[in-house]
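Letter by letter, the chains look like this.
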Amino acid sequence: MKQEKSEDRAVLSVSGLTIGYRKKNNEKIVASSLNATMEPGKLICLLGSNGTGKSTLMRSICRFIPTIKGEITISGKNARNLTEKEMSRLLSVVLTDRIVVPNATVEELVGYGRSPYTGLLGRLSSNDNEVVNDAITKSGMAHKKHQLVSTLSDGERQKAFIAKALAQDTPVILLDEPTAFLDLPARVEVFQLLRHIASTEGKSILLSTHDLDLALQMADQLWLLFQGGPLISGSPEDLLLENTFQKLFSHRGIEFDTRTGLFNIRHEEHHTLQVKGHGFRYVLLRRAFARKGVRLERYSNGESYIDIPADDKSIMLVHNGSVIYESLSIEAIVEASASLVESETLTEDEAIIVSADGTTDSDG
């Protein structure tokens, strides 16, 4: 059986795209040679460092900003040739800006999403009302249907705008940093909602985000935008295997760990202290001491060391065979051990990476 190419399934594609800004006779190119496709029913996250042009790319796809070169195709049609009304039936947008809708209820806001299908007076038909109610329900906002948008929390307001985009009934939905102002539980809810809409409604959803951890867990595909280009696309797992994140987010003092999908901070460690024991408390101690510039090393007959019992008893500081301090508190042990750290200064080449789980590059 012949496998269908991704280009044949694409509901949106960018080809040879150059994005930027034109002012009179001057051009400022932000990124060029961008190529990528979106398939139906996929949740795609656009990632990149600040200043790489994520918002510029999103606004260029929406035609809010004219492209400098290349093509954007939506449902097989060149976006440049589409009228505003045709465009509004193919692509809906949720922007980062905190849009104020005075005195509008959630139902009224979502109703605005039907404007591409209503007449000049903007009156909703019975079918339009059904679509609006369905979008509100699917976005988890049925209990807030008659509430003013201005009284909603940030997370609820974002869900209401997602419902509006859903009511617009377009094959493609674009969201520019939809979780920017939200706390962690609300960010997770928005990602879960978008994940559900993509998989159950067959919508192609592209969102720009800085939530790398959520993107890695929730997205079907990632678009990674490099400074000036290119735009690399693929599944989170394939991009991790290819070590693409390390190239994208490389920066002095920070590295991306492909094993854990987390960023690792390079600490400047100038002292060492030996330790007996292992387990979760060892991991936490290693992290806490790294922040103080102290590297923990496995015990090897040193006169000063930390002893971590196998049970949950107090951690002990030992000097010349005698326990000089003990506590259940990691913080207390770190503070009390200041007088035990060795004066030997480590070279820059001896510095190690301490990751979010407390392991190091020498732990394997």
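Since this is a predicted model, take the numbers as computed values, not measurements.

1. Structural notes on the pattern of salt bridges
Next, step 1: Scanning all chains against the criterion turns up 14 salt bridges.
Next, step 2: For the salt bridge of glutamate 107 with lysine 145, the shortest nitrogen-to-oxygen distance reads 3.7 Å. You can see glutamate 107 sitting in helix α4 (residues 106-111) and its partner lysine 145 sitting in the loop between α5 (126-138) and α6 (154-167), a full 38 residues away along the chain.
Next, step 3: Under the relative-accessibility criterion, glutamate 107 is labelled partly exposed at 25%.
Next, step 4: Here aspartate 134 and lysine 138 are joined by a salt bridge, their closest N and O atoms 2.8 Å apart. In this pair, aspartate 134 and lysine 138 both sit in helix α5, four residues apart, roughly one turn of the helix.
Next, step 5: For aspartate 134, a relative accessible area of 36% corresponds to the partly exposed category.
Next, step 6: Here lysine 138 falls in the partly exposed class, since its relative accessible area comes to 31%.
Next, step 7: Within the structure, one salt-bridge network assembled from shared partners comprises Asp134, Lys138 and Glu201.

2. Side note on α6
Next, step 1: Here α6 is 14 residues long and its end C-alpha atoms lie 20 Å apart, about the 20 Å a rise of 1.5 Å per residue gives.
Next, step 2: Buried residues dominate α6, accounting for 12 of its 14 residues.
Next, step 3: Regarding α6, the residues found buried are Gly155, Glu156, Arg157, Gln158, Lys159, Ala160, Phe161, Ile162, Ala163, Ala165, Leu166 and Ala167.
Next, step 4: If you follow the buried residues of α6, they end up packed against β6 (91-94), α4, α5, β7 (172-176) and α7 (184-201).
Next, step 5: Downstream of α6 by a residue or two, aspartate 169 has a phi angle that is positive, lying close to 55°.

3. Quick look at the sheet that holds strand β16 (residues 315-319)
Next, step 1: Here five strands make up an open sheet; going across it, the order is β14-β13-β15-β16-β17 and the pairing mixed. Only two strands of the sheet have a single neighbouring strand rather than two, namely β14 (294-298) and β17 (322-327). Each strand of the sheet is rotated relative to its neighbour by a mean of 30°, with strand direction disregarded.
Next, step 2: Most of the contacts of helix α11 (residues 280-291) go to β14, to which it runs at about 145°, and overall it touches β13 (271-276), β14, β15 (304-307) and β16.

4. Focus: the confidence of the model for the chain
Next, step 1: Across the chain, the average pLDDT comes to 86, with 87% of residues at 70 or higher.
Next, step 2: When the criterion is pLDDT under 50, residues 343-358 qualifies, and its contacts beyond four places in sequence or with other chains add up to 50 contacts.

5. Thoughts on the packing of aromatic side chains
Next, step 1: Under the defined criterion, the tally for this structure stands at one aromatic pair.
Next, step 2: The ring of tyrosine 282 has arginine 298 sitting right over it, with the charged end atom 4.2 Å from the ring centre.

6. A short note on the sheet that holds β7
Adjacent strands of a sheet form backbone hydrogen bonds with each other and so pair up, either parallel or antiparallel.
Next, step 1: As summarised here, the arrangement of the six strands in space is β6-β7-β8-β3-β9-β10, forming an open sheet in which the pairing is mixed. Every other strand in the sheet has two partners, leaving β6 and β10 (231-234) as the edge strands with one partner each. Put simply, the sheet's adjacent strands are angled 15° from each other on average, direction ignored.
Next, step 2: Judged from the five bridges that link them, β7 and strand β8 (residues 204-208) form a sheet pairing that is parallel. Along β8, the bridge assignment pairs isoleucine 173 with isoleucine 205.
Next, step 3: Most of the contacts of helix α2 (residues 54-61) go to β7, to which it runs at about 150°, and overall it touches β3 (43-47), β6, β7, β8, β9 (221-225) and β10.

7. Some words on the nonpolar core
Next, step 1: Ranked by internal contacts, the top residues of the largest apolar core, which has 48 residues, are Ile205, Leu222 and Phe245.
Next, step 2: By size, the runner-up hydrophobic cluster in this structure holds 29 residues, among which are Leu12, Met38, Val172 and Leu206.

Scoring rules and cut-offs
Residues numbered from 1 in each chain as written. Predicted model: local features only at pLDDT ≥ 70, side-chain atom pairs only at ≥ 80, totals over all residues. Heavy atoms only, no water. Salt bridge = Lys/Arg side-chain N within 4 Å of Asp/Glu carboxyl O. Helix = DSSP H or I, 4+ residues; strand = E, 2+ residues; numbered from the N terminus. Buried < 20%, exposed > 50% of the residue type's maximum accessible area, 1.4 Å probe, protein only. Expected span 1.5 Å × (residues − 1). Contact = heavy atoms within 4.5 Å. Pairing = 2+ DSSP bridges. Axes fitted to C-alpha atoms, helices over the stretch in contact; angles between N-to-C directions. pLDDT = per-residue confidence, 0-100. Phe/Tyr/Trp six-rings, centres within 6.5 Å; stacked < 30°, edge-to-face > 60°. Lys NZ or Arg CZ within 6 Å of the ring centre and 35° of its normal. Core = buried A, V, L, I, M, F, W, Y, C linked by side-chain atoms within 4.5 Å.

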